[in-house]
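Residues per chain, in single letters:
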Amino acid sequence: MSAISSEQLDIRAQKANARQQARHQKRLQAKAAHSSSRQIKGMRLVLRYCVLVAVLILLLAPLVVPLLAAFKAPDEPVFGSGATIIPQEWSLESFRRLFTNTPIVGSIGRSLIICALAVTSHIVLACIGGYMLSRRGWRGRGIATAIVFSAMIFPFESLMLALFNMMTSVNLYDTLIGVWLPGILGPFHVLLMRAAFSGIPDEIEDAALIDGANEFQRFWRIFLPQVRGAITVVGLTAFIFAWSDFLWPLLMLPNPDNQTMSLTLVSLSNSVQGVNYQDVLAGAIIALVPVLLIFFSMQRYFFRGIEEGGLKF
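Cut-off values and rules
- Throughout this description, residue numbers start from 1 for each chain and increase along the sequence as written.
- A pLDDT threshold of at least 70 governs which residues receive local features in this predicted model, and a stricter bar of 80 or more applies before side-chain atom pairs are shown or counted, although totals over entire chains, interfaces and linings include all residues.
- Side-chain measures here rest on the full set of heavy atoms in the structure, leaving out hydrogens and waters.
- Put simply, DSSP marks the helices as runs of H or I at least four residues long and the strands as runs of E at least two long, and each gets a number from the N terminus on.
- For this analysis, residues touch if any pair of their heavy atoms sits within 4.5 Å.
- A patch consists of residues exposed above 30% relative accessible area that lack any salt bridge, with like charges linked at up to 9 Å and nonpolar side chains (Val, Leu, Ile, Met, Phe, Trp, Tyr) linked at up to 5 Å.
- Each accessible area value is a Shrake-Rupley result obtained with a 1.4 Å probe; residue values ignore everything except the protein chains displayed when judging cover.
- One side-chain nitrogen of Lys or Arg within 4 Å of one carboxyl oxygen of Asp or Glu is enough to make a salt bridge.
- Note on classification: 1.4 Å probe, protein chains only; a residue is buried when its accessible area is under 20% of the maximum for its type, exposed when over 50%, partly exposed between these limits.
- Any two rings among Phe, Tyr and Trp, with Trp reduced to its six-membered ring, count as a pair given centres within 6.5 Å; such a pair is stacked if its planes are under 30 degrees apart, edge-to-face if over 60, and tilted if neither.
- Charged residues are defined narrowly, with Lys and Arg counted positive, Asp and Glu counted negative, and His plus the chain ends left uncounted.
- By nonpolar core is meant a set of buried Ala, Val, Leu, Ile, Met, Phe, Trp, Tyr and Cys residues that side-chain atoms within 4.5 Å join together.

Mind showing me how you'd approach the side chain of R218 here?
Mapped onto the fold, R218 is located in helix α9 (residues 215–226). Those residues in contact with R218, other than ones at most four positions away along the chain, are Y131, E205, A208, L209, A213 and F223.

Where do I start with a nonpolar patch on the surface in this structure?
A grouping of L47, V51, V55, L56, L59, L60, L63 and V64 is seen on the molecular surface, where their side chains present a nonpolar patch of about 710 Å² in accessible area. Among the structural elements, V64 can be located in helix α1 (residues 2–68). Judged by its relative accessible area of 38%, V64 falls in the partly exposed class.

I would appreciate a short explanation of the pattern of salt bridges in the present structure.
Note that side chains of opposite charge can pair when their charged atoms are close. Under the criterion given, the structure shown has 6 salt bridges. Here E93 ties to R96 by a salt bridge, and the two come within 2.5 Å at their closest N and O atoms. Of the two residues, E93 and R96 are both situated in helix α2 (residues 93–101); the distance of 3 residues between them amounts to about one turn of the helix. When the shortest N-O distance is used, the salt bridge between E205 and R218 registers 3.6 Å. Taken as a pair, E205 in helix α8 (residues 202–210) and R218 in helix α9 lie far apart in primary sequence, 13 residues in all. There is no split in this pair, since E205 and R218 are both buried.

Would you take a moment to explain the packing of aromatic side chains for this structure?
One pass over the full model with this rule turns up 12 aromatic pairs. A centroid spacing of 5.3 Å and a plane angle of 75° characterise the contact between Y131 and F223, whose relative ring orientation is edge-to-face. With Y131 in helix α3 (residues 104–134) and F223 in helix α9, this residue pair connects regions lying 92 residues apart in the sequence. As far as the burial class goes, Y131 and F223 line up, both buried.

Any chance you could explain the side chain of R110 here in plain terms?
Here R110 shows up in helix α3. One buried charge, R110, has no salt-bridge partner; the nearest side chain with opposite charge is D257, at 6.4 Å. Apart from the residues within four sequence positions on either side, R110 is in contact with P103, L176, P256, D257, N258 and Q259.

Quick question: what am I supposed to make of the environment of I104 here?
Summarising the element assignment, I104 is placed in helix α3. As for I104 and S262, which are separated by 158 residues in sequence, their C-alpha atoms are 9.9 Å apart. Leave out the neighbours within four places in its chain, and I104 touches L98, F99, M261, T264 and L265.

Could you clarify how one ought to interpret the nonpolar core in this entry?
In summary, soluble globular proteins display a tendency toward joint burial of nonpolar side chains. Counting residues in hydrophobic clusters, the biggest one holds 36 residues, and the most contacted among them are W243, W248 and M261. Counting only elements with at least two residues in this core, the list comes to α2, α3, α5 (156–169), α6 (176–180), α10 (228–244), α11 (247–252), α12 (261–269) and α13 (277–309). With 7 residues, the single largest contributor to this core is α13. Aside from chain neighbours lying at most four places away, what touches M261 is I104, S107, I108, S111, W243, G283, I286 and A287.

Mind showing me how you'd approach unusual backbone geometry here?
The phi angle of most residues is negative, glycine excepted, and most peptide bonds adopt the trans form. If you check the backbone angles, N171 has positive phi at about 60° while not being a glycine. As for its placement among the helices and strands, N171 is situated in the loop between α5 and α6. Classification of N171 as exposed rests on a relative accessible area of 67%.

Have a look at this one:
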């Protein structure tokens, strides 16, 4: 019995060792598979970033490469033979000429005035209109929403001559108010704020009603703080549109002393004395800087506003 028992113990020990070796082999195979999958994922991640970098270069190269010519020295060629992508000698002479020989400072000031008026009017009126369209229980709400939607059908060019006649009839031709007034509000911004207000739960408004808040208090203290992201989107897009608008100011501001930033840049590229491309590109950089600064400083609220406005659009 003792001999049989020892043989059985040896067999059991061998089986246990075999099972342990099998488990160890499975662990090694699992580690190898995990390592290979991590390598594949790592390769995919590297490939993904390579594609993103390539797309970024394709998108930014046509914009950045010409703008680098604004930093070249006056005697360095911009185009043609001998021209290089990177300036051989970095210089700010084109910016000095731009501010010295052109009315760019006054144009920037007039553009900022129009932008300030546009941003203020769009935010105030879009918040009021969007709040009204998002409230239930009043007659004509659906008709008013349909009218706002229909306003997006007609392009600005189809209404431009009628707006021009209206501005001239009220003596606003060749004035900054005449440039701002037709774009005092956009239907898209009203619909965006309507969607943002509609995304606020009804329980919040019910709690404010129970606490005795009137309509203005609910609008000012409850709803507006909830849609700060959407308000940022409205203000940012209104600023970009007013800052870069060209066609309507071209029609309304024939006097060079009243021209905006975009009109001054076009006049530089169409000068009868010849075109200095370094000055034109320097002006393009100056026109680009405010938009980039505002966007990067507000991008967190901007993307939050896109999400808020898209919930119940």
